[in-house]
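Single-letter residue listing:
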Amino acid sequence: MLIGSYSSSLVLISLCVAILASYTALDLTGRIATAKGRAVYLWMGGGAFAMGIGVWSMHFIGMLAFSLPIELGYDVTLTALSLLIAVASAGFALWLVSQPELPMLQLGFGALIMGTGIACMHYMGMAALRMQPGIDYDPTLFGASLAIAVGASAAALWIAFRLRQHTPYVRQVRGVAAVVMGIAIVGMHYTGMAAANFPAGSFCGALATGLAGDGLDYVVLITTLAVLAVALLTSVLDARLEARTAELARSLTLANQELTQLALHDTLTGLPNRTLLADRIDQAIGRVAEQGGCFALMFIDLDGFKPVNDAFGHHVGDLLLKAVAQRLRGHLHSQDTLARIGGDEFVLLVELDEPDDAMGVAVKQVNLVSRPFRVAEHDLQLSASLGIVLYPGNGADQHELLRNADAAMYHAKSAGKNGYSFFDASMNTNARQQLQLLQDLRTALEQDQFRLHYQPKFDAVQRHPIGAEALLRWEHPQHGLMLPDRFIGLAEKTGLIIPIGEWVLNEACRQMREWLDQGHEGWRIAVNLSAIQFCHAGLVDNVAQVLDQHGLPANRLTLEITETTAMRDADASLHVLRRLSEMGVDLSIDDFGTGYSSLMYLKRLPANELKIDRGFVRDLEQDSDDAAIVSAIVALGQALGLRIVAEGVETDRQQDFLTRLGCDSLQGYLLGQPVPAEQFMKGLEALRARQEQAG
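Residues numbered from 1 in each chain as written. Predicted model: local features only at pLDDT ≥ 70, side-chain atom pairs only at ≥ 80, totals over all residues. Heavy atoms only, no water.

Asks: I tried to follow empty space enclosed by the protein on my own but got confused; where do I start?
Replies: Regions of empty space are outlined by a rolling probe, equal in size to a water molecule, passed over the atoms. In the structure shown here, the tally under the stated rule is 5 cavities of 30 Å³ or more. Considered as a void within the structure, the second largest cavity measures approximately 90 Å³ in volume. Lining the second largest cavity, in full, are Ile498, Gly501, Glu502, Leu505, Leu529, Gln533, His536, Gly538, Leu539 and Asn542. Of all elements in the fold, only α15 (497-517) and α17 (539-550) reach the threshold of two or more residues within the lining of the second largest cavity. Classifying every residue of the lining of the second largest cavity by side-chain character gives 4 nonpolar, 5 polar and 1 charged. (1 Å grid on protein atoms, 1.4 Å probe; cavity = no way out; pocket = protein on both sides within 12 Å on 5 of 7 lines; lining within 4 Å. Points joined across faces, edges and corners; volume = space filled by probe spheres on them. Helix = DSSP H or I, 4+ residues; strand = E, 2+ residues; numbered from the N terminus. Nonpolar A, V, L, I, M, F, W, Y, C, P; charged D, E, K, R; others polar.)

In structure tokens, the structure reads:
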């Protein structure tokens, strides 16, 4: 018997090739699992070729590592056939592990076919020696090699199927699995080689015409490594490309989500915007049509937001809006929708069991908004006006529902704010009138439709005129002369109050300059400031500019602000009032006694006078409480060194009572009604004539 030997270096190389081929096979299964369409078949074909060459190369290098005392060669046809069997077995394996599932029965059947294929490749390669006489195989080792081939195939198929997805540390796990699979494949090969016995006197029949010669092992090795390297490199690059593509797809998905968020949600509060609200309303209408039931739409407008925004800046205003949205959203059911559709306007869509439930929801919203907000170290107070529509009943579509809810909100606001109002058909007429009035108001300044009327102020003791209060009127082309209560609210809501207020200040100072030039040196002109004007950043500069423009001494101008405005943010008010006072402007606290006075702040305000509200003066003769309040206000003002002005004097008894109390000056219909400037002096002369006649 011929005794064979092995080249240890080639044995080691065959093991390395087996491991590399196994790793390539495992990596390619991952590519096949993620590929789609024609790419699946391309990867499967290329993978079968690379893997088949790898397994066959391991076998062939293992054959070349074996040597006998005689020269050996390999039949080209049988060697090529063994390569073809290896490629076919690899293709079958890749196809099997690419299936969605791999049950045990299918795994066993596949392992049997693949193991048989590998064994056929091996023994076909042995047959390529064409030994004469033939090779004698040990039955036990022969059977063991077949068992190892089937077992190694089962393990390889199971591992490849499990590792085909890109799980964490998949490459490291594949590396360990490739080592195990490579050892199993090499074990099958060398077990099969150990089973071969070569009788004494044997010779190789393929030596003359087959593959032989020095360097054949290196040619096979280099070719195999090139094929495996190309396959593995292609797989890795494709995997990276796929990962980048997936990352780009994720980025695109996130970008689309962000665009959708921006398109359908308010950027400040994150609430649905008008577009998404319209869709939700249409869905709610559809559900009512299909399933019955009802829902309410509530238009919410924040009362007092604009003064806060003007006084503290847009940053605080934005924080306040976010706080309002968060508070309202925190008390909703999952099926309800709260949307922000404008600056300080929100809409609430609420599904109801019964229409009567809408009232309870509205009361809850009003109460939520009325609770104080702590924003940027400020305690801020708001209220809400709600307009409510019900569906079915108050509109056919989302446009009509929103329009009617808006009309109901304006009705709630005109009724005193901090409340709610259900829609009524008559409100549409009022809403259209308000809208038309707003449009007219925008052009009133341009077309010089505003007028100032002047109501005289008199010294309480000597009863001679000491000046006048400028009162705004609108000479509307259709509605005639309109009092401020008809349009000031609209002007404040739209911000038009700022240019209107600047016009009033300018015109009043111009008229006062004219009266001074006529010799009325001791007079003062009083101008009312709205809360929004008082909070406007340019107020002080505007006052200084107007005084300089008309050459009017600052102490001839009295600016009147309400007690509520002054005390809304006492520290900020103190800063503005001090700047005006340092300029020399007279300051008056209007409607004193109707707000929430703080004596601690009142004594710090650089005011020159207190003005008693007409509501207390009106009932002086019938209500002893009002008389007591007026007496207390006069005493307080005198204690603080302030002039006391009483407005709304309509009877002689009121005049006498207020004079006895110690009021410094009086105004009211008894002494003179508001009239245009050209009638003002005539009215004073007529009053003087009556007084002389009465005297």
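Asks: So what exactly am I meant to see when it comes to the pattern of salt bridges here?
Replies: Any two side chains of opposite charge can pair if their charged atoms end up close together. Under the defined criterion, the tally for this structure stands at 20 salt bridges. Arg340 is paired through a salt bridge with Asp266; the nearest N and O atoms lie 2.9 Å apart. Highlighted residues: Arg340 in strand β8 (residues 337-340) and Asp266 in the loop between α7 (216-264) and α8 (274-291), separated in sequence by 74 residues. Linking Arg614 and Glu647 is a salt bridge whose minimum nitrogen-to-oxygen distance equals 3.4 Å. Pair noted here: Arg614 is in helix α21 (residues 614-618) and Glu647 is in the loop between β21 (643-646) and α23 (652-661), with a separation of 33 residues, a long-range link. Here the salt bridges share partners, and the residues they tie into one network are Lys457, Glu469, Arg524, Glu560, Asp586, Glu609, Lys611, Arg614, Arg643 and Glu647. (Salt bridge = Lys/Arg side-chain N within 4 Å of Asp/Glu carboxyl O.)

Asks: What's the story with unusual backbone geometry in this structure? I'm lost.
Replies: Trans is the common state for peptide bonds, and a negative phi is the common state for residues other than glycine. Look at the link from Gln132 to Pro133: it is a cis peptide, with omega at -10 degrees. Relative to the helices and strands, Pro133 is located in the loop between β3 (131-132) and β4 (136-137). Note that the residue after Tyr391, namely Pro392, is joined by a cis bond; omega there is 0 degrees. Mapped onto the elements, Pro392 comes out in the loop between β12 (383-391) and α12 (398-414).

Asks: What is the right way to look at a negative patch on the surface in this model?
Replies: Together, Asp353, Glu354, Asp356 and Asp357 line one region of the surface with negative charge. For Asp356, the position within the fold is in the loop between β9 (345-352) and α11 (357-370). Accessibility expressed as a relative area gives 69% for Asp356, which makes it exposed. (Patch = residues over 30% accessible without salt bridge, like charges linked within 9 Å, V, L, I, M, F, W, Y side chains within 5 Å. Areas by Shrake-Rupley, 256 points an atom, 1.4 Å probe, with all protein chains shown as cover. Lys, Arg positive; Asp, Glu negative; His and termini not counted. Charge placed at Lys NZ, Arg CZ, Asp CG, Glu CD. Buried < 20%, exposed > 50% of the residue type's maximum accessible area, 1.4 Å probe, protein only.)

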